[in-house]
Amino acid sequence: MKRVWASAIIFVFLVVICVIGTNTTKKVSAQMAQTVTTAKEAAAKGDMDTALKFSRKASSDWRDSHEYLCTFMPHNQLESIDQTLSVLPMLCYYGATDQFEAECERGITQIMYLNESQLPSIANIL
Amino acid sequence: MTISFIRTLLLYIVIIAAVRLMGKRQISELQTSELVVTLLISDIAAIPMQDTGQPLASGFIPIAVLVMCEILISALMLKSTKFRRAICGRPLIVINDGKVDQKEMRRLRMSTEDLSEQLRQKNVFSIEDVAYAIVETNGKMSVIKKPDKEQPTAGMLGVALPDTGIETVVISDGVISDFSLKLCNKSRDWLDGVLRGKNTKADDIFIMTANRKGDFNIITKDEKK
């Protein structure tokens, strides 16, 4: 009977861990996508100071989230986002607007893919 | 390298804990579901152990799920015979009342060599000696010999044997085991008396066994060169 209780505790623990993991991924990806989108829109309007500010914010926020996300996500998925976000401030600083916007778009896609890959959907399960 | 070392240690601890949680049955006699779980756990643990790009959680979570399922299934098997039969199958009688059941052997895909081999492992060297042979759900064979081929027991011969109880190791490499002393109904005082009588002390003993009747056997440590 003790083992059945242990299994019930494991079940609750697993459900909690999975829910926390999914919610954290959702929250972080939504927040990151929003920051990168704001930076991209600012660059499109020619407001490079705001774009630089938001691209730096995106890099710094991602670094903070990375430590947490890498405890339950495959590291290669996170590394590709690391690489994309890390070039944004420099591209913005040197005025490479076209490339900056393209990199922003790539970053947003990667972040959204990261979110989608963690959702317990039929497509992901199968 | 250090990461692999720490990860392997952590996974080792988790696997040991998982196997302990699933129970001793897991180690000795594997039923179908237990065999599946054991194979899967070893396979799952190997992935994050080798690939540091995979989070440890990708190993821990599947192991925890498997342990949980295994415990639930074993609990359900205890409650429901039908469920147990569905998961483990049922024992099959391959020799029934001295007659080899060829249909059951075909069902088991068991050859005559397999049958002979399993009987030999049970110290039976002729099929004629067997009354019943049953293949259990864990794949092991139980054999009941014909009454005239069974070795007579003390009870059959009407011989009264003294009940000496269990023989336990009361001193192992100089260390006294109170648990073993209790098992053979002996006290520390009894042990001290025996050691005094033999003019030795516990530290000098390699193995000392004793039983409930009070018989004991002492093997002293070899002198260090």
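Being a predicted model, the structure only gives us computed values, none of them experimental.

**Q** Would you take a moment to explain the overall build of chain A for this structure?
**A** Within chain A, the secondary structure is distributed over five helices and zero strands. Reading chain A from its N terminus to its C terminus gives the helix and strand order α-α-α-α-α. Computed over C-alpha atoms, the radius of gyration of chain A comes to 18 Å, more than 25% over the 14 Å expected from 2.2 N^0.38 for 126 residues, which places it beyond the range of a compact globule. The dimensions of chain A, computed from C-alpha atoms along their principal axes, are 65 × 30 × 20 Å.

**Q** Sorry, what's going on with the overall build of chain B here?
**A** Helix and strand counts for chain B stand at 10 helices and eight strands. Relative to a compact globule of 225 residues, whose C-alpha radius of gyration would be 17 Å, chain B shows 25 Å and is clearly more extended. Based on the C-alpha atoms only, the size of chain B along its principal axes is roughly 65 × 60 × 40 Å. Of the contacts formed within chain B by residues at least 6 apart in sequence, a portion of 49% connects residues at least 24 apart. Surface exposure of chain B reaches about 15100 Å², of which carbon and sulfur atoms provide 57%.

**Q** Explain the environment of Glu223 of chain B here, please?
**A** Inspection of the secondary structure assignment puts Glu223 of chain B in the segment after strand 8 (216–220). Each C-alpha atom of the pair Glu223 of chain B and Asp204 of chain B lies 9.2 Å from the other, and the pair is 19 residues apart in sequence.

**Q** Quick question: what am I supposed to make of a nonpolar patch on the surface here?
**A** Taken together, Phe11, Val12, Val15, Val16, Val19, Ile20 and Tyr68 of chain A make up a surface patch of nonpolar side chains, about 590 Å² in accessible area. Considering the arrangement of structural elements, one finds Phe11 of chain A in helix 1 (residues 2–44).

**Q** Is there a simple way to think about the UniProt feature "transmembrane region" (unreviewed entry) in chain B in this case?
**A** Sites flagged by UniProt as "transmembrane region" (unreviewed entry) map to residues 6–23 and 56–78 of chain B. Here residues 56–78 of chain B runs as 96% helix and 0% strand, with 33 Å between its end C-alpha atoms.

**Q** What am I meant to see in the packing of helix 2 (residues 48–69) of chain A against helix 4 (residues 97–118) of chain A here?
**A** When two helices pack together, you describe them by how their axes are tilted relative to each other and by the distance separating the axes. Residue and element names in this part refer to chain A. Where helix 2 meets helix 4, the closest approach of the two axes is 13 Å, and the angle between their N-to-C directions is 30°. Of the possible angle classes, the one that applies to helix 2 and helix 4 is roughly parallel. For helix 2 against helix 4, the interelement crossing comes out left-handed. Residue-level inspection shows Met48, Ala51, Ser55, Trp62 and Leu69 of helix 2 in contact with helix 4, the latter providing Thr97, Phe100 and Leu114.

**Q** Explain the sheet that holds strand 7 (residues 205–210) of chain B to me, please; I cannot follow it from the model alone.
**A** Two pairing modes exist for strands in a sheet, parallel and antiparallel, and in both the strands are linked by backbone hydrogen bonds. Residues and elements named next belong to chain B. What the four strands build is an open sheet, ordered 6-5-7-8; its pairing is antiparallel. Edge positions in the sheet fall to strand 6 (175–176) and strand 8, since each has one partner strand and no second. Inspection of the sheet shows strand 5 (residues 168–172) paired to strand 6 by two bridges, in the antiparallel sense. By the bridge assignment for strand 6, Ser172 is matched with Val175. The sheet strands contacting helix 10 (residues 188–197) are strand 5, strand 6, strand 7 and strand 8, and the helix crosses strand 7 at an angle near 120°.

**Q** When you look at the pairing of strand 4 (residues 141–145) of chain B in this model, what are you seeing that I'm missing?
**A** It is a general feature of regular strands that their side chains alternate between the two faces of the sheet. Residue and element names in this part refer to chain B. Sheet topology places strand 3 (residues 130–135) next to strand 4; five bridges connect them, and they run antiparallel. What sits directly across from Ala133, in strand 4, is Val143. Following strand 3, the chain reverses through five residues before pairing antiparallel with strand 4; Gly139 in that reversal takes a positive phi of roughly 90°.

**Q** Just to check I follow, could you spell out the interface of chain B and chain A for this structure?
**A** Size of an interface: often given as the accessible area lost when the parts come together. At the interface, 18 residues of chain B touch 15 residues of chain A. Surface buried jointly by chain B and chain A totals about 1200 Å² across both partners, of which 76% is contributed by carbon and sulfur atoms. Seen at the junction of chain B and chain A, the total is zero salt bridges. No other element matches helix 4 (residues 57–79) of chain B, which puts nine residues into the side of chain B that touches chain A. Per-class residue counts for the side of chain B that touches chain A are 12 nonpolar, four polar and two charged.

**Q** What should I look at first to understand the sheet that holds strand 1 (residues 92–96) of chain B in this one?
**A** All names here are of chain B. In spatial order, the strands read 2-1-3-4; together these four strands make up an open sheet with antiparallel pairing. Edge positions in the sheet fall to strand 2 (99–100) and strand 4, since each has one partner strand and no second. Note that strand 1 and strand 2 share two bridges and pair antiparallel. Bridging from a neighbouring strand, Asn96 pairs with Lys99 of strand 2. Its contacts with the sheet put helix 7 (residues 112–121) on strand 1, strand 2, strand 3 and strand 4, and the angle it makes with strand 4 is roughly 70°.

**Q** What exactly am I supposed to notice about the confidence of the model for chain B here?
**A** The predicted coordinates should not be examined in detail at positions where pLDDT is low. A residue-level look at chain B finds 95% of positions with pLDDT of 70 or above and a mean pLDDT of 86. When the elements of chain B are averaged for pLDDT, helix 2 (residues 25–28) of chain B gives the smallest value, 53, and strand 3 of chain B the largest, 94.

**Q** Help me out: how do you make sense of the nonpolar core in this one?
**A** Across soluble globular proteins, you tend to see nonpolar side chains buried next to one another. Residues and elements named next belong to chain A. Residues Met32, Val36, Trp62, Leu69, Leu85, Phe100 and Leu114 are the most contacted members of the largest nonpolar core, which totals 25 residues. At the level of secondary structure, the elements contributing two or more residues to this core comprise helix 1, helix 2, helix 3 (75–93) and helix 4. The greatest single-element share of this core, amounting to seven residues, is contributed by helix 1. When sequence neighbours within four positions are dropped, the list of residues in contact with Leu69 reads Thr24, Thr25, Val28, Trp62, Leu78 and Leu114.

**Q** Hey, could you run me through the domain arrangement of chain B in this one?
**A** Split into domains, chain B comes out as domain 1 (2–86), domain 2 (92–149) and domain 3 (168–220). Domain 1 of chain B and domain 3 of chain B are separated by 40 Å when their C-alpha centres are compared.

Criteria and cut-off values
- Here the residue numbers are simple positions, counted from 1 along each chain's written sequence.
- Following the order in which they are written, the chains are lettered starting with A and the ligands numbered starting with 1.
- Residues qualify for local features only when their pLDDT is at least 70, as the model is predicted, and side-chain atom pairs are given and counted only at 80 or more; totals for whole chains, interfaces and linings, by contrast, use all residues.
- With hydrogens and water stripped out, all remaining heavy atoms of the structure feed into the side-chain values.
- A run of DSSP states H or I qualifies as a helix once it reaches four residues; a run of E qualifies as a strand once it reaches two. Both are numbered from the N-terminal end.
- Only C-alpha atoms enter the radius of gyration; for comparison, a globular chain is expected to reach 2.2 Å times N to the power 0.38, where N is the number of residues.
- Pairs of residues are marked as contacts when any of their non-hydrogen atoms sit within 4.5 Å.
- Accessible surface area values rest on a Shrake-Rupley calculation with a 1.4 Å probe, where residue burial reflects the displayed protein chains alone.
- Residues form patches when they are more than 30% accessible in relative terms and have no salt bridge. Like charges link within 9 Å. Nonpolar side chains (Val, Leu, Ile, Met, Phe, Trp, Tyr) link within 5 Å.
- By definition, a salt bridge exists where a carboxyl oxygen of Asp or Glu is found within 4 Å of a side-chain nitrogen of Lys or Arg.
- UniProt positions are given in the numbering used here, feature names are shortened, and annotations may be inferred rather than shown by experiment.
- Fitting a line to C-alpha atoms yields each axis, with helices limited to the stretch in contact; the angle taken between N-to-C directions then spans 0 to 180 degrees.
- Any angle that is under 35 degrees is reported as roughly parallel, and any over 145 degrees as roughly antiparallel; angles of 65 to 115 degrees are reported as roughly perpendicular and all others as oblique.
- Note: crossing handedness is left-handed where the near helix turns anticlockwise from the far helix by less than a right angle, and right-handed where it turns clockwise.
- Two strands are said to pair when DSSP picks up at least two bridges between them.
- Computed with a 1.4 Å rolling probe, the buried area is the accessible surface lost when two parts are put together, summed over both parts.
- Amino acids outside the nonpolar list (Ala, Val, Leu, Ile, Met, Phe, Trp, Tyr, Cys, Pro) and the charged list (Asp, Glu, Lys, Arg) are all regarded as polar, and Gly is one of them.
- For every residue, the predictor reports its confidence as pLDDT, a number between 0 and 100.
- Grouping buried Ala, Val, Leu, Ile, Met, Phe, Trp, Tyr and Cys residues that are joined through side-chain atoms within 4.5 Å yields what is termed a nonpolar core.
- Using a 1.4 Å probe on the protein chains alone, a residue whose accessible area is under 20% of its type maximum counts as buried, one over 50% counts as exposed, and one in between counts as partly exposed.
- As used throughout, domain bounds are those supplied by an automatic or database domain assignment.

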